[in-house]
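Residue strings, one per chain:
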Amino acid sequence: MRDAVLVMTKDLRLEWRSKVGIGQVLPFSLLVVLLFAFALDPERGVLDRVTSGLFWVVVLFSSVLMIERAFSVEAADGIFDALRLSGLAPAAIYAGKVAALAVQLLAVEAVLAVAVAVFYDTTFRTPVLTVGVALVATVGIAAAGAVYGALAARLRSGTTLLPLLLLPLLAPVLIGATRGFEVALGREAGPGWPWVALLGIFAVVYLTLGALLFRPLLEDA
Amino acid sequence: MELAVHLRDAVALLGRFPALAGADLDVARGEVVLLRGPNGAGKTTLLRVCAGLAAVSSGVAEVLGVDLVRHRSAIRRRVGLLGHATYLYDDLTVTENVDFWARAAGAEVADGRRALDRLEVASRLHDLPVHTLSAGQRRRVSFAAMVARRPELWLLDEPHAGLDASGRDIIDGLVREAASVGATVLFASHELDRADDVADRTVEVVGGTVVTAPQDAPPLDAPSPLAAPPSEGVASDA
Amino acid sequence: MTVDNPTTGAGRPPGAASEPPTGPPTTGSTATRVLGVITLVGIAALVLLGVFLTPADAELGDTIRILYMHVPTVSTAYLAFVITAIASVMYLWKRTEFWDLFAASSAELGVLFFALTILNGMLWGKITWGVFWRWEPRLTTTAVLMLTYVGYLAVRQIPNDTRTRGTISAVIGIMAVVNIPITHKAVDWWRGLHQEKTIFGTVDPDMKGLQLFTAYLGLTVFLVLFAWLLIHRFRVAWLAERAADVGVDAAIAERRAERAVPSSAGGAS
């Protein structure tokens, strides 16, 4: 636990100093929000209907960039070796990376939500459901993403491979989060919580697997 | 005599290249041993095997009583490795880096500060991001991060490279001090004049094997400086 | 189907006679020949029954004939991925090359059978819906999962240390298999909002005698085909590793010979 906090603090401090998330990933995600408006004529009400889908697609793409960054930092200058020598428990390193990733992703999502509200004229009718969906979906993305980020960092040409590996795996998250948001936006009737439950199962399953698989990944790959 | 390192016919493959092709080496606890040999001889791989980072595919390999063939990850937290890489996060400051690695190893933040002082890293540098430092300064910082962990076995790969005279003196002093308090030091160097003074014993690594017989106490004479340079092998040092 | 032996003519150096007894000179054996004959006869029987002898379905008409292949290919693919996952766990536990290659061979065939599933699903769609693709839950799930495993195969293509490659692909093999039920559930709920005719939803629960027999025959034939291909694929992979290994003993000897070079060469530079 102490080790996980150490790794998370280190990662957030690293982000604070390098500003890659704020300076690069966030502007990129806002840019995509604008690009969608160009691609889908805003006058015809298409944007309005596809808002939640666009939101989560942008989040997924941003998460790929963030995960790539989070692990290229660890792959640089022999740091992977140093981590193996460090005495930190692999599961603790994993937990720290997931936590730092989730915090950064949530920050991006918060800004994106404001942007969508302003540019696409969206109102989130049930804030509790909105936050619930975002929180659980984000943990799921970070949980699976940290494993794939770590293994892609060990591969030559891993950077280009990461989206191919990660995005199909995140398909259930995209479905669950988008449907959950539809309900939260009042576009779709019906309870939103089953979607949160589905996202929650995804998050729990991959957190467990990640904690178990990070040891062989760190020590033997 | 209790052995810190015990290798018998150890083979380590990088892919399918035998970087170590049956090495024999015994190092007693508290000993300072210099590894000497041409580029590509397997010195770096030998150090990485002792750190538990490179796998031993056959033979016997024990470090500090840990069987590396079976449990090589168990040795890692007890050794300190200084390689060609600095193991530092570029965007973090000097103290943030040293604090992180010290605390990761269970040491105190104060240990890190003391180590930085020992390495004579000026305190005006402490709050600068590592990427603004010169190569020599970075080397001192990464040495400090290693020292702060208080390893039982020091594995130094070209520790003198990139350092000025005072930096080299500091490192030699630290190596002697470490040995005097019971740590074992295994280091590879091409700075033979300097290294011979520090080392209790020199062994020669050639072709992925250790040429000097195990426990061969008297150090070898320095080779003729006029000898032809060795042909470059596959760069396992890289 | 005979597969060439990759080691023949690989010019083994003398003295490196460490060919493991497990590596047969060809990938064929009595077992695979028996399996091969059963498969070929089975496929012929399946075509005969499925295309000519069984009656058309009252509701589905002739499209039911596609099901005799569709159901077996998709079931076999899932079986293949479960095998990959089990072999991946075994690899992380035992660390033997056997499990690594077994996992990879099975995943490759799984992707192949998934591709067949999507193809015959699209044919069914063209006939039933008039279009090749509609976001029918089962086909959508299949497509997404297939991409997951395409990533697995892509990772194995990257040249790497065998242990690194084995560990990384084992991790993916485990991560991906867990995704199968989750994706299933998610896609079901998602498409559940838009009820429509699906390729499975309309399977008549009380198929008549010959139809039922043909359905089971299809499943059996494809399982045998899978086993047959899996054994061959695994043996090819195994022999390829052996062929790559042939040089290692020689390389060690050569490496040790480096020290015959005058040792005074050491340390200069």
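Source: prediction; values computed, not measured.

**Considering the interface of chain C and chain A**
Reasoning step 1: Counting residues at the interface gives 31 residues for chain C and 30 residues for chain A.
Reasoning step 2: Both faces considered, chain C and chain A share a buried interface measuring about 2700 Å² in area, 79% of it formed by carbon and sulfur atoms.
Reasoning step 3: Three residues stand out in chain C for area buried against chain A, namely C:Met175, C:Ile182 and C:Trp189, and they jointly supply 23% of the buried area on that side.
Reasoning step 4: Summed over the shared surface of chain C and chain A, the result is 0 salt bridges.
Reasoning step 5: Summed over the shared surface of chain C and chain A, the result is 4 residue pairs in polar contact (both at pLDDT 80 or more).
Reasoning step 6: Those elements that provide at least two residues to the side of chain C that touches chain A are α4 (137-157) and α5 (162-192) of chain C.
Reasoning step 7: In terms of residue class, the side of chain C that touches chain A is made up of 21 nonpolar, 7 polar and 3 charged.

**Focus on the packing of helix α3 (residues 46-75) of chain A against helix α7 (residues 158-169) of chain A**
Residues and elements named next belong to chain A.
Reasoning step 1: At a minimum axis distance of 10 Å, the contact between α3 and α7 shows a crossing angle of 135°. By the angle between their directions, the pair α3 and α7 is classed as oblique. The element α3 and its partner α7 pack so that their crossing is right-handed. Where α3 approaches α7, its residues Leu60, Phe61, Val64, Ile67 and Glu68 are matched on the opposing element by Thr159, Leu162, Pro163, Leu166 and Leu167.
Reasoning step 2: A breakdown of the residues in the contact of α3 with α7 according to their chemical character gives 8 nonpolar, 1 polar and 1 charged.

**Remarks on the packing of aromatic side chains**
Residues and elements named next belong to chain C.
Reasoning step 1: Using the criterion set out here, one finds 25 aromatic pairs over all chains in the structure.
Reasoning step 2: Centroid distance Phe98 to Trp99: 5.0 Å. Interplanar angle 90°. Geometry classified as edge-to-face.
Reasoning step 3: For Phe98, a relative accessible area of 35% corresponds to the partly exposed category.
Reasoning step 4: Among the residues examined, Trp99 registers a relative accessible area of 22% and is labelled partly exposed.

**Remarks on the sheet that holds strand β4 (residues 58-63) of chain B**
Reasoning step 1: Sheet architecture is open: 4 strands sit in the order β2-β1-β4-β5 (chain B), paired in antiparallel fashion. Only two strands of the sheet have a single neighbouring strand rather than two, namely β2 (17-28) and β5 (66-67) of chain B.

**As for the confidence of the model for chain C**
Residues and elements named next belong to chain C.
Reasoning step 1: Across chain C, the average pLDDT comes to 81, with 81% of residues at 70 or higher.
Reasoning step 2: Confidence scores differ between elements of chain C, with helix α6 (residues 209-257) showing the lowest mean pLDDT of 87 and helix α3 (residues 97-128) the highest of 93.
Reasoning step 3: Between residues 262-269, whose pLDDT stays under 50, and residues either more than four places distant or in other chains, the model counts 16 contacts.
Reasoning step 4: Taken together, the chains of this predicted complex give a pTM of 0.86 and an interface ipTM of 0.91.

**Quick notes on a nonpolar patch on the surface**
All names here are of chain A.
Reasoning step 1: Among the surface-exposed residues, Phe28, Leu31, Leu34, Leu35, Phe38, Phe61, Leu65, Val114, Val118 and Phe119 lie close enough to one another that they form a single nonpolar patch of about 970 Å² accessible area.
Reasoning step 2: Residue assignment for the nonpolar patch shows that the elements contributing at least two residues are α2 (20-39), α3 and α5 (90-119).
Reasoning step 3: At 5 residues, the largest contribution of residues to the nonpolar patch is made by α2.
Reasoning step 4: Tracing the backbone shows Leu31 in helix α2.

**Regarding the side chain of A:Glu15**
Residues and elements named next belong to chain A.
Reasoning step 1: Locating Glu15 in the fold gives a position in helix α1 (residues 2-18).
Reasoning step 2: Buried charge Glu15 goes without a salt bridge, the closest partner of opposite sign being Arg69 at 5.3 Å.
Reasoning step 3: In this structure, Glu15 is in contact with Val20, Gly21, Ile22 and Gln104, ignoring residues within four places of it in sequence.

**Some details on the confidence of the model for chain B**
In low-pLDDT segments, the atomic positions of the prediction should not be examined closely.
Reasoning step 1: A residue-level look at chain B finds 89% of positions with pLDDT of 70 or above and a mean pLDDT of 83.
Reasoning step 2: Counted against residues more than four places away or in other chains, residues 227-238 of chain B, with its pLDDT under 50, gives 23 contacts.

Criteria and cut-off values
- Residues numbered from 1 in each chain as written.
- Chains lettered and ligands numbered in written order.
- Predicted model: local features only at pLDDT ≥ 70, side-chain atom pairs only at ≥ 80, totals over all residues.
- Heavy atoms only, no water.
- Contact = heavy atoms within 4.5 Å.
- Buried area = accessible area lost by both parts, 1.4 Å probe.
- Salt bridge = Lys/Arg side-chain N within 4 Å of Asp/Glu carboxyl O.
- Polar contact = N/O pair within 3.5 Å; in protein donor to acceptor, adjacent residues only side chain to side chain.
- Helix = DSSP H or I, 4+ residues; strand = E, 2+ residues; numbered from the N terminus.
- Nonpolar A, V, L, I, M, F, W, Y, C, P; charged D, E, K, R; others polar.
- Axes fitted to C-alpha atoms, helices over the stretch in contact; angles between N-to-C directions.
- Parallel < 35°, antiparallel > 145°, perpendicular 65-115°, else oblique.
- Left-handed = near helix turned anticlockwise from the far one by under 90°.
- Phe/Tyr/Trp six-rings, centres within 6.5 Å; stacked < 30°, edge-to-face > 60°.
- Buried < 20%, exposed > 50% of the residue type's maximum accessible area, 1.4 Å probe, protein only.
- Pairing = 2+ DSSP bridges.
- pLDDT = per-residue confidence, 0-100.
- Patch = residues over 30% accessible without salt bridge, like charges linked within 9 Å, V, L, I, M, F, W, Y side chains within 5 Å.
- Areas by Shrake-Rupley, 256 points an atom, 1.4 Å probe, with all protein chains shown as cover.
- Lys, Arg positive; Asp, Glu negative; His and termini not counted.

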